[in-house]
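# Inside the fold
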Amino acid sequence: SPLVDLKKLIRLYISSTQVSDLSPLGALGNLTLLSLNSTQVSDLSPLGNLRKLSLLDLNSTQVIKTDEIIQALDEENGKVIALTVSGKIIALSYE
């Protein structure tokens, strides 16, 4: 994937695309914002190493287990500021 070489990328908007596999994003350790709005994404496990991620937009995605998302992001990152699902901010925490 062309994204693998973009190691300095800090914001990525993949909204309204056919993306379903986030595996190529696992190497983008500098990402702070990721918008997956209106995509086919259902598995967030490739994001586990994104320790700088602070805003994750999951509106209109296939992700349904929000409690697990919040727990996984808190355990891995401890820095998630906002998580949006179905148009609402469902997790808000501070560093």
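Residues numbered from 1 in each chain as written. Predicted model: local features only at pLDDT ≥ 70, side-chain atom pairs only at ≥ 80, totals over all residues. Heavy atoms only, no water.

### Here we look at the confidence of the model for the protein
The following threshold applies: The predictor's confidence in any single residue is recorded as pLDDT, a number from 0 to 100. Where helices and strands are cited, they refer to DSSP runs of H or I of at least four residues and of E of at least two residues respectively, numbered from the N terminus.
Looking at the protein, pLDDT values average 76 and 65% of them are 70 or higher. Within the protein, the lowest mean pLDDT, 51, falls on strand E5 (residues 88-92), and the highest, 93, falls on strand E1 (residues 11-13).

### Some words on the side chain of Ser35
The condition that has to hold: Distance and chemistry together define a polar contact, namely a pair of N or O atoms within 3.5 Å, with one atom able to donate a hydrogen and the other to accept it when in protein, and with adjacent residues in sequence counting only for side-chain atoms on both sides. Pairs of residues are marked as contacts when any of their non-hydrogen atoms sit within 4.5 Å.
On the secondary structure map, Ser35 appears in strand E2 (residues 33-35). Within polar-contact distance, the side chain of Ser35 engages the side chain of Ser15 at 2.8 Å. Of the polar contacts made by the side chain of Ser35, one reaches the side chain of Asp57; its length is 3.4 Å. The residues touching Ser35, leaving out its near neighbours within four places in the chain, are Leu12, Tyr13, Ile14, Ser15 and Asp57.

### Some remarks on the environment of Gly26
Condition: Throughout, exposure labels follow a simple rule: accessible area from a 1.4 Å probe, protein chains only, divided by the maximum for the residue type, with under 20% read as buried, over 50% as exposed, and the rest as partly exposed.
Secondary-structure assignment places Gly26 in the loop between E1 and E2. The partly exposed category is assigned to Gly26, whose relative accessible area is 23%. In this structure the C-alpha to C-alpha distance between Gly26 and Asn49, which are 23 residues apart in sequence, comes to 6.3 Å. Residues in contact with Gly26, not counting those within four places in the same chain, are Pro46, Asn49 and Leu50.

### Here's the deal with the nonpolar core
Let me state the cut-off plainly: The set of buried Ala, Val, Leu, Ile, Met, Phe, Trp, Tyr and Cys residues whose side-chain atoms join them within 4.5 Å is what this entry labels a nonpolar core.
Counting residues in hydrophobic clusters, the biggest one holds 16 residues, and the most contacted among them are Leu25, Leu34, Leu36, Leu44, Leu47 and Leu56. Here Leu36 is in contact with Ile14, Leu22, Val41, Leu44, Leu56, Asp57, Leu58, Asn59 and Thr61, once residues within four sequence places are set aside.

### Comments concerning the environment of Leu34
Looking at the element boundaries, Leu34 is found in strand E2. What makes Leu34 buried here is its relative accessible area of 0%. Once the C-alpha coordinates of Leu34 and Ile10 are considered, the two residues, 24 residues apart in sequence, prove to be 8.6 Å apart. Leu34 has contacts with Leu12, Ile14, Leu25, Leu47, Leu53, Leu55, Leu56 and Asp57, leaving out every residue within four places of it along the chain.

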